[in-house]
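A closer look at the structure
Each chain, written out:
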Amino acid sequence: MTAHDSEGWNSGPYAAAIHAQQGDLSLRDAEGWCLSLDLKRWCARADAGDRAVLRRCRGRVLDIGCGAGRLVEALTRQGHSVLGIDVCPSAVSATVSRGGAALRRSVFDPLPDEGGWGTVLLIDGNIGIGGDPRRLLLRIRDLVHGQGLLLVETAPGDVDERRRVRIHAGHRPVGAAFPWAAVGTAALDRHARASGWTATECWSSAMGRHFVALRARA
């Protein structure tokens, strides 16, 4: 993700919504595709679906696209060593204000302890970051240790899509277009096998969220 790609997340309505802990925002493309951004849930405390993910974390944890910091906060309270990264300064500030550690970085920037993380999180659709799932999975493979774990929230259904999206406030586009991907469980398995990962577990929450655990191949 380049600086231009992350422009929509850096400031404006998204940053304001993170600060206000609410907002009517979505990702939309020119063809009518729409993904609502669930800011109310993202800014709340970790829920039951989140806690099922967090129970699977091992070792030091890196939360990519940490947003308002609910997962970093929950893991910190549990005694984990955890770092959140996000391109949005308001997200980093929100995470720190909740008692977590966070840096303003893209996953494609140099990061602390590369090759040493025990678990990496891609939750809330963040497998879409950069619009190229295999590139993202290869990058994360370099971040974890030899048997590291990647926990991914996938899109509902059998989807594997690449789109150029913009953040919208209501129906009004704000900021520049950037690449995004929507990846379902079956597609993630295909991309994972081609990128140095093996799927070890799939599960769903009572609220219809879908998750996959990937283990790095040595």
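Described in the following lines is the structure provided in the data block. (Residues numbered from 1 in each chain as written. Predicted model: local features only at pLDDT ≥ 70, side-chain atom pairs only at ≥ 80, totals over all residues. Heavy atoms only, no water.)

**Looking at the sheet that holds strand 1 (residues 25–29)**
Spatial ordering of the open sheet is given by 2-1-8-9, a layout of four strands whose pairing is antiparallel. Edge positions in the open sheet fall to strand 2 (34–36) and strand 9 (172–183), since each of these has one partner strand only. Each adjacent strand pair in this sheet contributes to an overall mean axis angle of 30°, direction not counted. Relative to strand 2, strand 1 is paired through three bridges, and the arrangement is antiparallel. (Pairing = 2+ DSSP bridges. Helix = DSSP H or I, 4+ residues; strand = E, 2+ residues; numbered from the N terminus. Axes fitted to C-alpha atoms, helices over the stretch in contact; angles between N-to-C directions.)

**Some words on the pattern of salt bridges**
Taken as a whole, this structure holds 20 salt bridges when the rule is applied. The closest approach of N and O atoms between D38 and R41, which form a salt bridge, is 3.1 Å. Each of D38, R41, D47, D50, R70, D124, E153 and R209 takes part in one network of salt bridges that share partners. (Salt bridge = Lys/Arg side-chain N within 4 Å of Asp/Glu carboxyl O.)

**Considerations on the pairing of strand 1**
A large share of strand 1 lies buried, amounting to four of its five residues. Taken together, the five bridges between strand 1 and strand 8 (residues 160–169) define a ladder with antiparallel strand orientation. Bridging across to strand 8, S26 finds its partner in H168. In textbook terms, the turn of a hairpin is the stretch between consecutive antiparallel strands, and for strand 1 and strand 2 this stretch comprises four residues, one of which, G32, has a positive phi near 100°. (Buried < 20%, exposed > 50% of the residue type's maximum accessible area, 1.4 Å probe, protein only.)

**Re the nonpolar core**
If you look at the biggest cluster of nonpolar residues, it comprises 51 residues, and the most contacted ones within it are Y14 and I140. If you tally residues by element for this core, the top one is strand 9, at six residues. Discounting chain neighbours no more than four positions away, the residues touching I140 are I64, V107, V120, L122, L150 and W197. Residues V53, C57, A74 and L121 belong to the second largest nonpolar core, which totals 21 residues. (Core = buried A, V, L, I, M, F, W, Y, C linked by side-chain atoms within 4.5 Å. Contact = heavy atoms within 4.5 Å.)

**Here's the deal with the sheet that holds strand 7 (residues 144–154)**
Pairing is mixed across the open sheet formed by seven strands, whose spatial order is 5-4-3-6-7-11-10. Edge strands, defined here as strands with exactly one partner in the open sheet, are strand 5 (102–104) and strand 10 (197–204). Taken over all neighbouring pairs, the strand axes of this sheet differ in orientation by 20° on average, direction set aside. Where strand 7 and strand 11 (residues 210–216) come together, six bridges link them in antiparallel fashion. Each bridged residue has a counterpart across the sheet, and for L149 the counterpart in strand 11 is R215. Packing of helix 5 (residues 70–77) onto the sheet brings it into contact with strand 3 (61–64), strand 4 (82–86) and strand 6 (117–122), and relative to strand 4 it is tilted by some 170°. Running at roughly 140° to strand 7, helix 7 (residues 133–143) makes contact with strand 3, strand 6, strand 7, strand 10 and strand 11 of the sheet.

**Description of the pairing of strand 9**
Where strand 8 and strand 9 come together, nine bridges link them in antiparallel fashion. Along strand 9, the bridge assignment pairs R162 with A181. Connecting the antiparallel pair strand 8 and strand 9 is a turn made up of two residues, with G170 showing a positive phi of about 65°.

**Some details on helix 6 (residues 89–97)**
Residues of helix 6 that are buried: A91, V92, A94 and T95. End-on, the buried residues of helix 6 take up no more than an arc of 165°, which puts them together on one face. Contact partners of the buried residues in helix 6: helix 2 (12–20), helix 5, strand 4 and strand 5. (Arc of directions from axis to C-beta.)

**Notes on the environment of D63**
Relative to the assigned elements, D63 resides in strand 3. Relative accessible area serves as the criterion here: at 3%, D63 is assigned to the buried category. With 58 residues separating them in the primary sequence, D63 and L121 have C-alpha atoms 4.8 Å apart. Residues within four places of D63 in sequence aside, it is in contact with L71, V72, L83, G84, I85 and L121.

None of this, on its own, says anything about what the molecule does.
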